[in-house]
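The chain contents come next:
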Amino acid sequence: LLDDATSLAGCETTSAPEFDDCDTPLIGYRSTCYQGAQAAYGVIPGSSANGLGIKTFDLLATFAVPIDGMDHVITFHPFFRMDQLNANPGLDVPDALYEAGVKSFWKKVMNERLTTMVLFTPSVRSDFQSTQGAFKLFGMALLQWKLVPEKLSMTGGATYTGRQDFPVLPMMGLMWTPSPLWKLDIQFPSPRLSRRLMKDGDKSETWGYLAGVFGGNTWAVRRANGTDDQLTLRDLRLVLGVEHLLAENRGVFVETGLVFGRSMEYENTASQIDLGDALLLRAGIQF
């Protein structure tokens, strides 16, 4: 995946036992209700071969309400997303798709091994022309069980997506941290392998990662003939990225990857349209 790093910023080392001396945890939260914001921009270039290009802009803010310290917390994430579409005229898609809403996340550590997590997101997904079926719900419920404290955890649950194609998906897998340098998140539907490249005490960390993403969504749209419909875009993504994390939920990331298995489908049209493979470029900042 990525070349192994033999030195950490601020802590030269040649043997594994010395890693602990410079593994002061990075404080990932702030002491205020406002936990920061994130802005990201991504591009899937359009061409005559793939038929559809997409430019995506995301903006999200985070607010946290501790109930009993960080072991029992509720967070709120108001967000806005815009997808600008560059499509062949024959595809009959809007110029842009939008989503706006608030993600609500609840986490409670029940005991030393069991943690419960719930995510609930009401939002509006549409082209801002059609209102029929534009209100969507996304929900996720997970249980996490620590098999080996600080090393290995197992998760299981389910997700209600609010999509037309896959309304419900199982969530299951393992999270393995064999050392401070590696994280392996083997979870369906979004696995991720991460390797720490640099660390500067409790000030910053740099990670490289390889991730799989189950992409796409469903939006309410108005078609060229004036009728309201539900448009579903779907794809699979293999992403390679680097993220530089700073204390108090700040940082930057950049990633690239391959988007394949792309297709689009209207609820009121039986046929599915397959789209060609494409490359992805994406970058963002947390501040």
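Here is what the cut-offs are and how they apply
- Residues numbered from 1 in each chain as written.
- Predicted model: local features only at pLDDT ≥ 70, side-chain atom pairs only at ≥ 80, totals over all residues.
- Heavy atoms only, no water.
- Helix = DSSP H or I, 4+ residues; strand = E, 2+ residues; numbered from the N terminus.
- Contact = heavy atoms within 4.5 Å.
- Salt bridge = Lys/Arg side-chain N within 4 Å of Asp/Glu carboxyl O.
- Buried < 20%, exposed > 50% of the residue type's maximum accessible area, 1.4 Å probe, protein only.
- Phe/Tyr/Trp six-rings, centres within 6.5 Å; stacked < 30°, edge-to-face > 60°.
- Lys NZ or Arg CZ within 6 Å of the ring centre and 35° of its normal.
- Core = buried A, V, L, I, M, F, W, Y, C linked by side-chain atoms within 4.5 Å.
- Pairing = 2+ DSSP bridges.

When you look at the environment of Ala39 in this model, what are you seeing that I'm missing?
In this fold, Ala39 is placed in strand β3 (residues 34-44). As for Ala39 and Arg81, which are separated by 42 residues in sequence, their C-alpha atoms are 9.9 Å apart. Apart from residues no more than four positions distant in its own chain, Ala39 is found in contact with Asp58, Leu59, Ala283, Gly284, Ile285 and Phe287.

I tried to follow the pattern of salt bridges on my own but got confused; where do I start?
Scanning all chains against the criterion turns up 15 salt bridges. Across the pair Asp165 and Arg163 runs a salt bridge, and its minimum N-O distance is 2.8 Å. Residue Asp165 shares its accessibility class with Arg163, and that shared class is buried. The salt bridge involving Glu255 is made with Arg282; its shortest N-O contact spans 3.4 Å. Of this pair, Glu255 sits in strand β15 (residues 250-266) while Arg282 sits in strand β17 (residues 278-286), and the two are 27 residues apart along the sequence. Through salt bridges with shared partners, a single network forms among Asp58, Arg81, Asp83, Glu255 and Arg282.

How should the packing of aromatic side chains be read in this particular structure?
Working definition: an aromatic ring pair is given by the centre-to-centre distance plus the angle between the planes. The full count for this structure, using the stated rule, is four aromatic pairs. Relative to Phe63, the ring of Tyr34 has its centre 5.6 Å away and its plane inclined at 55°; by these criteria the two rings are tilted. Remark: Phe63 occurs in strand β4 (residues 52-66) and Tyr34 occurs in strand β3; sequence separation between them is 29 residues. Judged by its relative accessible area of 34%, Tyr34 is partly exposed. Seen from their ring centres, Phe166 and Phe214 are 5.4 Å apart, and the 75° between their planes marks the pair as edge-to-face. Of the two residues, Phe166 sits in the loop between β9 (152-160) and β10 (168-179) while Phe214 sits in strand β13 (residues 204-222), which places them 48 residues apart along the sequence. When its relative accessible area of 36% is taken as the criterion, Phe166 is described as partly exposed. Here the guanidinium or amino end of Lys103 rests over the ring plane of Phe79, the centre of that ring lying 5.3 Å away. Over the face of the ring belonging to Trp207 we find Lys183, whose NZ or CZ atom lies 4.6 Å from the ring centre.

Before we go on, may I ask you to explain the nonpolar core in this structure?
Burial of nonpolar side chains together is a common tendency in soluble globular proteins. Counting 22 residues, the largest nonpolar core has Leu52, Val93, Leu97, Leu231, Leu233 and Met264 as its most contacted members. For this core, the elements supplying multiple residues, two or more each, are β3, β4, β13, β14 (228-246), β15 and β17. Ignoring sequence-local partners within four residues, the contact set of Val93 consists of Leu85, Ala87, Leu231, Met264 and Tyr266. Leu119, Met140, Leu142 and Met171 belong to the second-largest nonpolar core, a separate cluster that totals five residues.

Help me understand the pairing of β15, please; the structure alone is not making it clear to me.
Relative to β15, β14 is paired through 15 bridges, and the arrangement is antiparallel. Bridging from a neighbouring strand, Thr232 pairs with Glu265 of β15. The antiparallel hairpin formed by β14 and β15 contains three residues in its connecting segment, where Glu248 sits at a positive phi of about 60°. Note: β15 against β17, nine bridges, orientation antiparallel. Looking at the pairing, Val259 lines up with Ala278 of β17.

How should I be thinking about the environment of Asn50 in this particular structure?
Following the sequence through the fold, Asn50 ends up in the loop between β3 and β4. Beyond its immediate sequence surroundings of up to four residues, Asn50 is in contact with Pro45, Arg262, Leu275, Gly276, Asp277 and Ala278.

I tried to follow the pairing of β4 on my own but got confused; where do I start?
On any regular strand, side chains alternate: one points to one face of the sheet, the next to the other face. With ten bridges connecting them, β3 and β4 associate as antiparallel partners. Residue pairing for β4: Val43 is matched across the bridge by Lys55. In sequence, β4 turns back onto strand β5 (residues 72-87) through a hairpin of five residues, with Gly69 there showing a positive phi of about 70°.

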